Amino acid sequence: MDVFEAIRTTRAMRRLDPTVPVTDEQLWTILGAAHCAPSGGNAQWLRWVVVTDAERRARLGEIYRACWAPVRRRYDDRVPTDPEAAEKQARMLRSADHLAEHMGEAPVLIVPVTTVDEPSSVFPAVQNLMLAARALGLGTTLTTTHRHAADEVREVLGLPPDAITWALIPVGVPTGRWGEARRRPLESVVYWDTWEATR
Ligand SMILES: Cc1cc2nc3c(=O)[nH]c(=O)nc-3n(C[C@H](O)[C@H](O)[C@H](O)COP(=O)(O)O)c2cc1C
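What you see is a predicted model; the values in this text were computed from it and never measured.

Some details on the site of the ligand
Here's step 1: The environment of the ligand is formed by Arg11, Ala12, Arg14, Tyr64, Ala96, Leu99, Thr141, Leu142, Thr143, Thr144, Thr145 and Arg183.
Here's step 2: At a separation of 3.1 Å, an oxygen atom of the ligand approaches a polar side-chain atom of Arg11.
Here's step 3: Taking Leu142, its main chain carries an N or O atom lying 2.9 Å from a nitrogen atom of the ligand.
Here's step 4: In the complex, 66% of the free accessible area of the ligand, which totals 630 Å², lies under the protein chains.
Here's step 5: The residue makeup of the shell around the ligand, split by class, is five nonpolar, four polar and three charged.

What about unusual backbone geometry?
Here's step 1: In this structure, Asn42 takes a positive phi of about 55 degrees despite not being glycine.
Here's step 2: By the secondary structure assignment, Asn42 is in the loop between helix H2 (24–35) and strand S1 (47–51).
Here's step 3: Positive phi is not limited to glycine here, since Gln44 has a value of about 55 degrees.
Here's step 4: Position of Gln44 relative to the elements: it lies in the loop between H2 and S1.

What about the packing of helix H3 (residues 54–77) against helix H4 (residues 83–102)?
Here's step 1: Two elements in contact, H3 and H4, have axes separated by 9 Å at closest approach and are oriented at 160 degrees. Comparing the axis directions of H3 and H4 gives the class roughly antiparallel. Here H3 runs over H4; the crossing is left-handed. From H3, Gly61, Tyr64, Arg65, Trp68, Arg72 and Tyr75 reach across to H4, where they touch Gln89, Met92, Leu93, Ala96, Asp97, Leu99, Ala100 and Glu101.
Here's step 2: For the contact of H3 with H4, the per-class residue count stands at eight nonpolar, two polar and four charged.

Description of the pattern of salt bridges
Here's step 1: Tallied over the full model, the rule gives ten salt bridges.
Here's step 2: In this structure, Arg65 and Glu101 form a salt bridge, with 2.8 Å as the shortest nitrogen-oxygen distance. Separated by 36 residues along the polypeptide, Arg65 in helix H3 and Glu101 in helix H4 bring together distant segments of the chain.
Here's step 3: Several salt bridges converge on common partners, so that one network encompasses Glu62, Arg65 and Glu101.

Calculation notes
Residues numbered from 1 in each chain as written. Predicted model: local features only at pLDDT ≥ 70, side-chain atom pairs only at ≥ 80, totals over all residues. Heavy atoms only, no water. Near = heavy atom within 4 Å. Polar contact = N/O pair within 3.5 Å; in protein donor to acceptor, adjacent residues only side chain to side chain. Areas by Shrake-Rupley, 256 points an atom, 1.4 Å probe, with all protein chains shown as cover. Nonpolar A, V, L, I, M, F, W, Y, C, P; charged D, E, K, R; others polar. Helix = DSSP H or I, 4+ residues; strand = E, 2+ residues; numbered from the N terminus. Axes fitted to C-alpha atoms, helices over the stretch in contact; angles between N-to-C directions. Parallel < 35°, antiparallel > 145°, perpendicular 65-115°, else oblique. Left-handed = near helix turned anticlockwise from the far one by under 90°. Contact = heavy atoms within 4.5 Å. Salt bridge = Lys/Arg side-chain N within 4 Å of Asp/Glu carboxyl O.

None of the figures reported here should be taken as evidence of function without further support.
Below, the structure written as C-alpha cells:
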C-alpha cells in the first residue's frame, strides 16, 4: 500500500474481530516498523509489551473499562451545542464505548513502555506501528485512558515501578470498513512565516 493511502486511512478502528488472530509474523512486521522510528539522541528507550495471553488481556480490558467510565461522564457533561458537532461526538462515543466494552477481547494489546519521561521519543514509533498495521489490514486505536490506573497495569504486566505505560493499543482485523480520517481543512491550520498568516 502507498504510504499516503496508509496515512489517510489510519483511523481509530475500535471494532475488531476477536475471532481472527494476528500472526506473529504480522506482529514482528509492525514492531519492526515501530522500531525504525527516531528517538532523542537515538537513545532507543522504548520497549514494547505485546500481550497475547487471554487472561492478561481480559484484566487489562477490565482496567480500561473502569478508567473509561469517568472519562465518558465528562463527555456527557459537555455535549456540543452545534447539532453536527454533537452528532460527531455521539458517533465517536458509541465507538469508544464499544472499545471500552471489548478492549480485553482484542486479539493483541500492545503497550509501549519507557522508564524515562520522554513522550516525544515514543509517539513517532507508535504512529509507525499503527501505519504498518494499516498497511497489513490490521486496525488499531491509540488509547491512553488506562493511565488513570497505571499501577494496576504495571502489576498485570510485571513492570517495574518506574515504568511508564504510554498507550494501550488494541490490534486486530476490523469488522467495519476503512475510511479516510475526517479533519479540518488543511488551509485552516497552516500559517506561513508568521502566526495566522494564511495563503
Ligand atoms: C493521545 C491520544 C489519546 C487517545 N486516547 C483514546 C482513548 O483512551 N480511547 C479511545 O477510544 N480513543 C482514544 N484516542 C483516539 C482518538 O479519539 C481518535 O484518534 C480521534 O477521535 C480521531 O479519530 P479518527 O482518527 O478515527 O478520525 C486517543 C488519541 C490520541 C491521539
